[in-house]
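Reading the structure
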Protein chains: 4
Amino acid sequence: MNTFGRSFRITTFGESHGPALGVVIDGCPAKVSLSAEDIQPVLDRRRPGTGPLTSPRAEPDRVEVLSGVFEGKTTGMPIALLVRNTDARPSDYDELRLVFRPGHADYTFQEKYGVRDHRGGGRSSGRETVGRVAAGAVAAKCLAMIGIEVSGKIEEIHGVSDPGAMEEEIRKAKKEGDSVGGIIRLSATGVPPGLGDPVFGKLDAQIAAAMMGIGAVKGVEIGDGFAAARLKGSGHNDPMDSTGFLSNHAGGILGGISNGNEVVVRIAVKPTASIALPQKTRDSGGEETTITVGGRHDPCIVPRLLPVAEAMLALVLMDAHLEQEKYRVFVQEGDLK
Amino acid sequence: MNTFGRSFRITTFGESHGPALGVVIDGCPAKVSLSAEDIQPVLDRRRPGTGPLTSPRAEPDRVEVLSGVFEGKTTGMPIALLVRNTDARPSDYDELRLVFRPGHADYTFQEKYGVRDHRGGGRSSGRETVGRVAAGAVAAKCLAMIGIEVSGKIEEIHGVSDPGAMEEEIRKAKKEGDSVGGIIRLSATGVPPGLGDPVFGKLDAQIAAAMMGIGAVKGVEIGDGFAAARLKGSGHNDPMDSTGFLSNHAGGILGGISNGNEVVVRIAVKPTASIALPQKTRDSGGEETTITVGGRHDPCIVPRLLPVAEAMLALVLMDAHLEQEKYRVFVQEGDLK
Amino acid sequence: MNTFGRSFRITTFGESHGPALGVVIDGCPAKVSLSAEDIQPVLDRRRPGTGPLTSPRAEPDRVEVLSGVFEGKTTGMPIALLVRNTDARPSDYDELRLVFRPGHADYTFQEKYGVRDHRGGGRSSGRETVGRVAAGAVAAKCLAMIGIEVSGKIEEIHGVSDPGAMEEEIRKAKKEGDSVGGIIRLSATGVPPGLGDPVFGKLDAQIAAAMMGIGAVKGVEIGDGFAAARLKGSGHNDPMDSTGFLSNHAGGILGGISNGNEVVVRIAVKPTASIALPQKTRDSGGEETTITVGGRHDPCIVPRLLPVAEAMLALVLMDAHLEQEKYRVFVQEGDLK
Amino acid sequence: MNTFGRSFRITTFGESHGPALGVVIDGCPAKVSLSAEDIQPVLDRRRPGTGPLTSPRAEPDRVEVLSGVFEGKTTGMPIALLVRNTDARPSDYDELRLVFRPGHADYTFQEKYGVRDHRGGGRSSGRETVGRVAAGAVAAKCLAMIGIEVSGKIEEIHGVSDPGAMEEEIRKAKKEGDSVGGIIRLSATGVPPGLGDPVFGKLDAQIAAAMMGIGAVKGVEIGDGFAAARLKGSGHNDPMDSTGFLSNHAGGILGGISNGNEVVVRIAVKPTASIALPQKTRDSGGEETTITVGGRHDPCIVPRLLPVAEAMLALVLMDAHLEQEKYRVFVQEGDLK
């Protein structure tokens, strides 16, 4: 399943070391100003090779708009966005053809499909998120028009929350041939009350799926999250007065529907699976072996995962916005009498 | 959106104080032995009125099988399950008609739909889960045939984890007119490797959506969850030997696909929103007021939420199983030459 | 797949001789006046036992609204509608348990599911359409608010088009123990331009699926239909002037999108498969046999299929209307500058 | 909605005079041998510029496989196929920017989206079918493995059915500046019994949607189609003996499920909307005008539509095959005890 969303649907494609990656956005409204320049800066944020603490793979990640835009405006037709891989080095991975890297999807892809593209993890690579980030930029452009803004920040790396200390943790892990994870906090402001459906289309359920659908994410919280489990009702309920809510333990969502408060989401990112230290594993023949993962990797994926998480939150909100729009007339005017 | 699942799809309906609740299951395989007796015991586990610490509402929750079963076997046709409400007392809620209860969906439903069934929260009530639990019992029946078993337990109530202490916390909260939350741990054994799709159909993403789609759930973790964010790669990766995985930090899922290990999920449940203590709020005219929520409520919803969470996990796994089945021949025999 | 629609989704359930039939409507707007009285008259139109030329099965087909309506208005929640079977006579079908009736789905259900409810065709019976017709009545209620009206008429029975002659054809067929088919013409007026999506969500494609999804329908035409294949472009294109289209060969749809003209659909209905004449067939053991179908049947299903076809057209239009609504602001105001 | 299918899903993109056209196939089984060489010959069949009776637009339509194939085999990942437009001449259409061509989607796109890409009809152009035909070639490759073969032929052009006379009709229409339509007959052999779902997933309903979703198609028949409406039950029912069905009035489908017979479909194709004769129309300002459509067009689109219709039938069958596969174990082995 490579499609996400109901009304603002994206379908991504591409592998880490294949010819290209991309996305088709179906359901984007017409008449939205859009060009590659709206998308490129966001792609640049997730690009590898931009610093000493990210993978040195040199990918310009230039996006090409193949369809759906005419004279600078969207037309309501599907928007296909394409990014060519230019620094693929499949031979880096020759020795991984038959061995399952711990913490990666090598074993599970082999079991599921009976075949796998072992080059850099194929489609299970974080590189797949190029398409999501590109689509998220389009969603963000649309959301900006209606006053919704999504942002995120790194809250913790390997248990520390001071920015300098965070960088130090990454540096240390890199030196050790190891890796570290962290926590990201996302928020959306300007979200009107009413987005999200009760029961199975809850806004928080959509967000949870979107976040847990990012490789390396192992936990999702809305508002107080796990801390809520230790509060009493009197401490967790958000009281209201005539101006609105007086607190935001709920993270902006009640009964699966946005309440007008800031939407607050936290996600836990596991440490990068690829590490230079020796690890016990087995190969596809069932033989035990020890592996040391080479290639070009990030000792901490959290900074590059941040724009992906923002993109996914933007996609969920834009989708929920369109889903809600269809009932606007009925909500406002009732049965049109 | 009141439908969940792709291949094993359920659609629930009904409100807390309406005539009836139920579910239609679409996509259940034919030739599965099934009767109301398979479903009733599971419904009984979530039933109110069964003890001093649950809502005293007296609902027998008798399930009726309306379709899809013939001579004791499923036929592949949709299975409609119906439960009548018998102890609805809508008048209990008359004073809530115009007031928004803190922590509830009253305000957001009003904003979204311009109208709401205020009786016991209408469809935002936990009573809606009757349909989910009934459907989950059918999924569990199917899963048992292929050796998959789902179970769960309460790990924590209001921060304590000793069973006696947990009960004491609930008792204390009840006495105070307050409420408490807690944490549930779910697991699934016998899950073969290969369930779940990469990218947007990840097994963990489906689970996250299923769990966060339960009212009162504010956090979801797979495997180590948030703790993973504080580990190093060398400590989080699960090594393998020829017999399989040597640890289970991943919670049984790698790259969104089950790896054959136990699937482990933890969810955070907020304290019940309905409390007897006075709370600040506003009414639908915008006037400030103070509310004390009467009616019949659970001081802690965690025990009754447990079978709902188990049901949702069973539904996700059965759906993923069917989704995977369609490729079985290709995976095993390749291109059939 | 027992669900139809994207935004206005219906899920039907029930078998010909099971306890009940029904439908869940998901996505109906809130604040629409609705009660059983809006639905019952339409159900009565498709009811059996109402005349000498329809099946004598005595079913009152009383509809019960189980959810989604509060104080006479829809709430945006799923609307479950239930109809009990009261004159089921499964024993009428004992001799058909192992024999495949020609023209029926007996053989294909057995092949597909390995089991089947043989009583009156189980779910392949026309009785399944009770749920569709009930849901169609709700759609029609919504459509009336925005000025769209769906109607249909019988154009031909067994090749004749005079009403008296049509009835005579049915009478004759009944006497012979045989059956006849016919042609229905449907139309929708008040359809605004803009409904339907290009490519795979074309309004005519949705209509075609809806119509061919009715048992016994073997052909669908939009506008001139097959006659268009014999026209020249100059004769088929509908010219426009400043007041609109000057003809309607297209049947109100261009490029899959409604053009504001009357939407015109024709469908071919095959003769009822159940006939009293002896027919060659085989049983589930592979043995050849001859069958004479007893039970209670319509010698011509066309009149009772008419409200079903109208219901399906209403459902498609309501769904397309909601799908289009979500883009209304963008279409009217552009990028909201 | 630019996605078609449930298990074998395709999403197409691209406009007639934009940079490129293409398709993403999601759900193709792994381990299927596939390369551009499997797809190119089918694309060549629908290519323009190949004869005196087709549009002279010179498009090589070279397909590039961007993802989903590794070492000559599919991997189960999405397969993106790209075709660049090389002979786009948008300036040919400058004078159509503000005028609605009769029989085209110009007016309806403008009404629906408030904007349109007027160059050659943008996405409403038949050129959009490049993606469908490419995807259909992949489906056909998969179907061949399980013994299903789809083929089609032109049965009628402008009412005549002799091949030489058909060509003459096209030639004559071209000379007159006019256009003609026709009828295509499709069939699928080797279809096992059991494909298609009862009620809303009927195989014939899926086929009807697929066919009516092709621009210019105005009618669809299964088996006897409209002729069935004039038969009696005794003449239309297909009797069986121990070897199978003795006739095929049903066109291989009973109750929405394939019965093992040849699947037979007929479609009506309207005459090409673009004609050189003067036609009355209006412009987007509401002014009446007369238009003569220049550009490069086919006087009869039927021959180039044939591979598109075959592709769509292949896509429906492959999708139905995968949908059915997931229940195979249950059908064959029952409840696995």
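Structure: above.
Residues numbered from 1 in each chain as written. Chains lettered and ligands numbered in written order. Predicted model: local features only at pLDDT ≥ 70, side-chain atom pairs only at ≥ 80, totals over all residues. Heavy atoms only, no water.

1. Structural notes on the overall build of chain A
- Helix and strand counts for chain A come out as eight helices and 17 strands.
- For 337 residues, the compact-globule estimate of 2.2 N^0.38 gives 20 Å, and the C-alpha radius of gyration of chain A, at 21 Å, lies within 12% of that figure.
- Along the first, second and third principal axes, the C-alpha set of chain A runs to 70 × 55 × 40 Å.
- Taking as baseline every contact in chain A between residues at least 6 positions apart, the subset at least 24 positions apart corresponds to 71%.
- For chain A, the accessible area works out to roughly 10,100 Å², and carbon and sulfur atoms hold 50% of it.
- Each charge sign in chain A was given a centre, from 39 positive and 43 negative side chains, and these centres are 2 Å apart. (Helix = DSSP H or I, 4+ residues; strand = E, 2+ residues; numbered from the N terminus. Rg over C-alpha atoms; globule rule 2.2 N^0.38 Å. Contact = heavy atoms within 4.5 Å. Areas by Shrake-Rupley, 256 points an atom, 1.4 Å probe, with all protein chains shown as cover. Lys, Arg positive; Asp, Glu negative; His and termini not counted. Charge placed at Lys NZ, Arg CZ, Asp CG, Glu CD.)

2. A few points about the relation of the copies chain A and chain C
- Taken as rigid bodies, chain A and chain C are interconverted by a rotation of 180° and an axial shift of 0.0 Å, the fit giving an RMSD of 0.0 Å. The transformation just described matches what one would write down for a two-fold rotation axis. Proximity to the rotation axis, assessed at the C-alpha, singles out Lys326 of chain A in chain A; its C-alpha lies 2.1 Å from the axis.
- Take the interface residues of chain A: 97% of them recur as interface residues in chain C, which is what a same-surface contact looks like. (Least-squares fit on C-alpha atoms with pLDDT ≥ 70 in both.)

3. Some points on helix α2 (residues 106-113) of chain D
- With respect to burial, α2 of chain D is a largely interior element, six of its eight residues being buried.
- Positive backbone phi, approximately 75°, marks Gly114 of chain D, located one or two places after α2 of chain D. (Buried < 20%, exposed > 50% of the residue type's maximum accessible area, 1.4 Å probe, protein only.)

4. So, the packing of aromatic side chains
- Taken as a whole, this structure holds 18 aromatic pairs over all chains when the rule is applied.
- Here the aromatic rings of Phe100 of chain C and Tyr107 of chain C are separated by 5.3 Å at their centres, their planes lie at 75°, and the arrangement is edge-to-face. Tyr107 of chain C matches Phe100 of chain C in its accessibility class, with the two residues each being buried.
- Each residue in the set Phe100 and Tyr107 of chain A together with Phe245 of chain B is aromatic and connected to the rest through ring pairs, giving one cluster.
- Note that Lys112 of chain B overlies the ring of Tyr113 of chain B, its terminal NZ or CZ placed 5.8 Å from the centroid. (Phe/Tyr/Trp six-rings, centres within 6.5 Å; stacked < 30°, edge-to-face > 60°. Lys NZ or Arg CZ within 6 Å of the ring centre and 35° of its normal.)

5. Topic: the interface of chain C and chain D
- Of the residues lining the interface, 99 residues belong to chain C; the matching set on chain D comes to 99 residues.
- Of the roughly 7,800 Å² buried between chain C and chain D on both sides combined, carbon and sulfur atoms contribute 63%.
- Across the contact surface, chain C and chain D share six salt bridges.
- Where Lys112 of chain C meets Asp197 of chain D, a salt bridge forms, and the shortest distance between an N and an O atom there is 3.4 Å.
- Along the contact surface separating chain C from chain D lie 44 residue pairs in polar contact (both at pLDDT 80 or more).
- At six residues, the largest contribution of residues to the side of chain C that touches chain D is made by helix α2 (residues 106-113) of chain C. (Buried area = accessible area lost by both parts, 1.4 Å probe. Salt bridge = Lys/Arg side-chain N within 4 Å of Asp/Glu carboxyl O. Polar contact = N/O pair within 3.5 Å; in protein donor to acceptor, adjacent residues only side chain to side chain.)

6. Describing the sheet that holds strand β8 (residues 149-157) of chain C
- Spatial strand order, β8(C)-β9(C)-β15(C)-β10(C)-β10(D)-β15(D)-β9(D)-β8(D): eight strands in an open sheet with antiparallel pairing. Each having just a single partner strand, β8 of chain C together with β8 (149-157) of chain D make up the two edges of the open sheet. Averaged over all adjacent pairs, the angle separating strand axes in this sheet is 20°, with direction ignored.
- Taken together, the seven bridges between strand β9 (residues 182-189) of chain D and strand β15 (residues 263-269) of chain D define a ladder with antiparallel strand orientation. Bridge pairing in β15 of chain D places Ser187 of chain D opposite Val264 of chain D. (Pairing = 2+ DSSP bridges. Axes fitted to C-alpha atoms, helices over the stretch in contact; angles between N-to-C directions.)

7. Remarks on the environment of Asp26 of chain B
- Mapped onto the fold, Asp26 of chain B is located in strand β3 (residues 20-26).
- Note: C-alpha distance between Asp26 of chain B and Thr11 of chain B (15 residues apart in sequence) is 8.2 Å.
- Excluding its chain neighbours within four sequence positions, the residues that come into contact with Asp26 of chain B are Ser7, Phe8 and Arg9 of chain B together with Met1, Asn2 and Thr3 of chain C.
- In this structure the side chain of Asp26 of chain B is engaged in a polar contact, spanning 2.6 Å, whose partner is the backbone nitrogen of Asn2 of chain C.

8. Re the environment of His236 of chain C
- Tracing the backbone shows His236 of chain C in helix α6 (residues 233-236).
- By relative accessible area, which is 3% here, His236 of chain C ends up buried.

9. With respect to the side chain of Asp319 of chain C
Residues and elements named next belong to chain C.
- With respect to the helices and strands, Asp319 occurs in helix α7 (residues 302-325).
- Its relative accessible area of 3% is what places Asp319 among the buried residues.
- If sequence neighbours within four positions are ignored, Asp319 has contacts with Gly5, Arg6, Ser7 and Phe8.

10. As for the nonpolar core
- Core analysis: the largest hydrophobic core is formed by 153 residues, its most contacted members being Met211 of chain A together with Met211 of chain B.
- Non-local contacts of Met211 of chain B, meaning those with residues more than four positions away in its chain, are made with Leu186, Val217, Val220, Val265, Ile267, Ala309, Met312 and Leu313 of chain B. (Core = buried A, V, L, I, M, F, W, Y, C linked by side-chain atoms within 4.5 Å.)

11. Here's the deal with the interface of chain A and chain C
- Counting residues at the interface gives 29 residues for chain A and 28 residues for chain C.
- Interface of chain A and chain C: buried area, both sides summed, is about 2,100 Å²; carbon and sulfur atoms make up 62% of it.
- On inspection of chain A and its partner chain C, the count reaches zero salt bridges.
- The tally of links between chain A and chain C comes to five residue pairs in polar contact (both at pLDDT 80 or more).

12. Points about the pattern of salt bridges
- One pass over the full model with this rule turns up 106 salt bridges over all chains.
- The salt bridge involving Asp61 of chain D is made with Arg127 of chain D; its shortest N-O contact spans 2.6 Å. Pair noted here: Asp61 of chain D is in the loop between α1 (36-46) and β4 (63-65) and Arg127 of chain D is in the loop between α2 and α3 (129-145), with a separation of 66 residues, a long-range link. For the pair Asp61 of chain D and Arg127 of chain D, a shared accessibility class is recorded, and that class is buried.
- Salt bridges sharing partners connect three or more residues here, namely Arg6, Asp197, Asp319, Glu323 and Lys326 of chain A together with Lys112 of chain B.

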